[in-house]
Amino acid sequence: MVKTNSSSESQSSPSCRTPPKHANIQYNFCKNPVCSNFGVTPPETFKRGVIGSYAITYGGRAFPLLKCNLCGETPPMKSNIGIHEETQRLIAYLEPTPQRTCSTDDCVNQHIPIRTKGAYRSYGTAKSGAARYQCTACRKTFSTPKPSRWQRDTHHNQDIFRLLVNKMPLSRIVTVLGISWSVLYHRIDFIHRQCVAFAGERELRFKDLDLHRLYIAIDRQDHVINWTRRKDKRNVTFSAVASADNDSGYVFGVHPNYDAIPEIYKVEAEALLNGDASLPAPWRRHARLWLEHDYVSAAYRSSSAKSLRRIAKQQSPMTWLQKQISKAYKEAAARQDVEVFERPNATSKLPTNGFQVHAEYTMIAHFHFLKHLLGKVGVWRFYMDQESGIRSAFLSAFQPEVKLRTAEGFYVRIAKDWTIDEKLKRMLEAKVIFKQVQANNTGATEHEIKLMLLKAEIAAMRPIGQWQDKWLHHPIPTMSEPDKAVCWLTEHNGLDDDNVAWLYNRASLHAVDVFFEKVRRSLSPLERSIKSSANAGRVWSGYAPYDPAMVGKLLDIFRVAHNFIDVRKNKGAKPSTAAMRIGLADAPVSYGDVVYFK
């Protein structure tokens, strides 16, 4: 977690025309990959109006936009300090845990970690069962406390972990194990700390792991918190962004837009003292955090906005999926900030403890987190849900790689609500077409037929939306993705036709969708809530958590179980975990390995 600094530290000056670079982060530049200004940052102090290749314009009161004079794009500006703070929050668990050292003054091992070969030797165990060691230099002995040292009994820890990630409601865990609610919540906190420590130690190895090429799927999932007061029946809704490797299924991170560390009253008072409300958002000290007056204003704008449910008639017929893509573009264009996908309304509110983070800041920080986590990646391929905020986050964090053409980005839009019968019908139709093409090309292999179908769809691509992005209708459906459209966001002419076709063919959100589906099915507190027309849009679930911090804890716990414990059976290969398939582990771990990790 990251602690917020005082107002005197790193405060952006309102006199700057663009937010200054901070900690080597500069988000504010043209994000059109084919524009000469892509990655070129504007001067921080140019005057209002047209200066050089950029200008400052306004999309509303106190809402400055950076206008590119070369391509005409007007990206919204963000606080680089806020992005840095959010990135630090996401990568905090990767900081190595300090190791115990000899406590004797002037001993040569006083600053030598306990795992250093030859510096210490095993010296039995203490009464508590903790391992004892002896310093080989001064002969002093000491013990290293067990992670569960403050627990009276520990025999339920593994059971709680196992039941928690296998759909059992919290109330049933209390009943089945015969424990109290206070013990359960204490154990969940303990298991969460152990999972974070375990993941941090294992994932530090990514820095030295050669990953020649990664195909990463990125999407987000909303989670609803129950209201705690009968007189205020508004929900708190968080958006969790996750990224997963499409080949191994490994989930690199899942991050809800919630920070439990900042104190609400302290931050609100500091913002009032600094006059943050009178400043444009990119120059505010706490730009990444939702403050109360901002949330109320956003909810009012949302309730007064015109509905965008009607889709303009097209001159040529559009498929259902193309209509959904067009609708998404229209909705993004109608926002004051095209990168903001949160929709505060009259039935939602902010958490009463901790802070809800502006979801676009968490999204941007998630891409910086990936660059920090994965040290040796040769080629990046990102397949992302159709959302302007995800696109901008990717292009800002991976701008150097996009320039070098070692990173490519794709939108992927999937029809997810089809019935089994509809999916089977689509599969049958595609199979018939495949057989027809095969009959007309005697001797061609299945690989070559797929290539023909893909190239035919590439030739038939049509632009959709105000940005005229070209979308390909994928000709090879699967049961998990029966109807799919793909848009190459970083399109260029540096690849031959075959490589382009196979890039489109690899487009999928399967790995991250499987993880999100497992979250809904395996974590009872995070299952999908049901809206009732009688509740005027409000949602309440008997299993949903009341503490906003619980969402992040459960997702952290489940990610470790998904990556390191859950075994998948593969045809023709031995059962393996996601961590084994990506090269981070040699064998599955048990619940006990994580619970008693130190």
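It should be noted that the structure appears before, not after, this text.
Residues numbered from 1 in each chain as written. Predicted model: local features only at pLDDT ≥ 70, side-chain atom pairs only at ≥ 80, totals over all residues. Heavy atoms only, no water.

K.L.:
Lay out a nonpolar patch on the surface in plain terms, naming residues and giving numbers.
P.N.:
A grouping of Ile 420, Leu 424 and Met 479 is seen on the molecular surface, where their side chains present a nonpolar patch of about 270 Å² in accessible area. Ile 420 sits in the exposed class, given a relative accessible area of 52%. (Patch = residues over 30% accessible without salt bridge, like charges linked within 9 Å, V, L, I, M, F, W, Y side chains within 5 Å. Areas by Shrake-Rupley, 256 points an atom, 1.4 Å probe, with all protein chains shown as cover. Salt bridge = Lys/Arg side-chain N within 4 Å of Asp/Glu carboxyl O. Buried < 20%, exposed > 50% of the residue type's maximum accessible area, 1.4 Å probe, protein only.)

K.L.:
How would you sum up the sheet that holds strand S9 (residues 251-256)? Please name residues and give values.
P.N.:
Overall, mixed pairing links the eight strands, which are arranged S9-S8-S7-S12-S13-S16-S15-S14 in an open sheet. Only two strands of the sheet have a single neighbouring strand rather than two, namely S9 and strand S14 (462-464). Averaged over all pairs of adjacent strands, the angle between their axes in this sheet comes to 30 degrees, without regard to strand direction. One ladder, built from three bridges, connects S14 with strand S15 (residues 469-473); its direction is antiparallel. By the bridge assignment, Ile 464 is partnered in S15 with Asp 469. (Pairing = 2+ DSSP bridges. Helix = DSSP H or I, 4+ residues; strand = E, 2+ residues; numbered from the N terminus. Axes fitted to C-alpha atoms, helices over the stretch in contact; angles between N-to-C directions.)

K.L.:
Run through the sheet that holds strand S6 (residues 141-144), naming residues and quoting values.
P.N.:
Strands sit in the order S4-S5-S6 across an open sheet of three strands; the sheet is antiparallel. In the strand order of this sheet, the two ends are held by strand S4 (120-125) and S6, each with one partner. On average, adjacent strands in this sheet sit at an angle of 35 degrees to one another, irrespective of strand direction.

K.L.:
So, helix H1 (residues 80-91): which residues are in play, and what are the values?
P.N.:
Every α-helix winds through 3.6 residues per turn, so residues three or four apart in the chain are directed the same way. In this model H1 runs 16 Å from its N-terminal to its C-terminal C-alpha over 12 residues, within 8% of the 16 Å that 1.5 Å per residue would give. Of all 12 residues in H1, 10 are buried; the element is thus mostly enclosed. Inspection of H1 places Asn 80, Ile 81, Gly 82, Ile 83, Glu 85, Glu 86, Thr 87, Arg 89, Leu 90 and Ile 91 among the buried residues, and these make up the whole buried set. Close packing links the buried residues of H1 with S9, strand S10 (258-259) and helix H8 (359-373). N-cap assignment for H1: the residue whose side-chain oxygen lies 3.3 Å from the backbone N of Ile 81 is Ser 79. (Expected span 1.5 Å × (residues − 1). Contact = heavy atoms within 4.5 Å. Polar contact = N/O pair within 3.5 Å; in protein donor to acceptor, adjacent residues only side chain to side chain.)

K.L.:
I'd love a proper account of the side chain of Ser 522, names of residues and values included.
P.N.:
Considering the arrangement of structural elements, one finds Ser 522 in helix H14 (residues 510-522). With relative accessibility at 16%, the residue Ser 522 sits in the buried group. If we ignore the near neighbours within four places in the chain, the residues touching Ser 522 are Leu 164, Val 165, Asn 166, Lys 167 and Phe 558.

K.L.:
Describe the pattern of salt bridges, with residues and values.
P.N.:
In total, this model carries 27 salt bridges according to the counting rule given. Glu 201 is paired through a salt bridge with Arg 205; the nearest N and O atoms lie 3.4 Å apart. The class for Glu 201 is partly exposed, based on a relative accessible area of 27%. Across the pair Lys 518 and Asp 566 runs a salt bridge whose closest N-O atoms are separated by 3.0 Å. Taken together, the residues Lys 518 in helix H14 and Asp 566 in the loop between helix H15 (549-565) and strand S17 (568-570) connect sequence positions 48 residues apart. With relative accessibility at 24%, the residue Lys 518 sits in the partly exposed group. Among the residues examined, Asp 566 registers a relative accessible area of 26% and is labelled partly exposed. In the salt-bridge network here, residues are joined through shared partners; they are Glu 85, Glu 86, Arg 89, Asp 259, Arg 285 and Arg 288.

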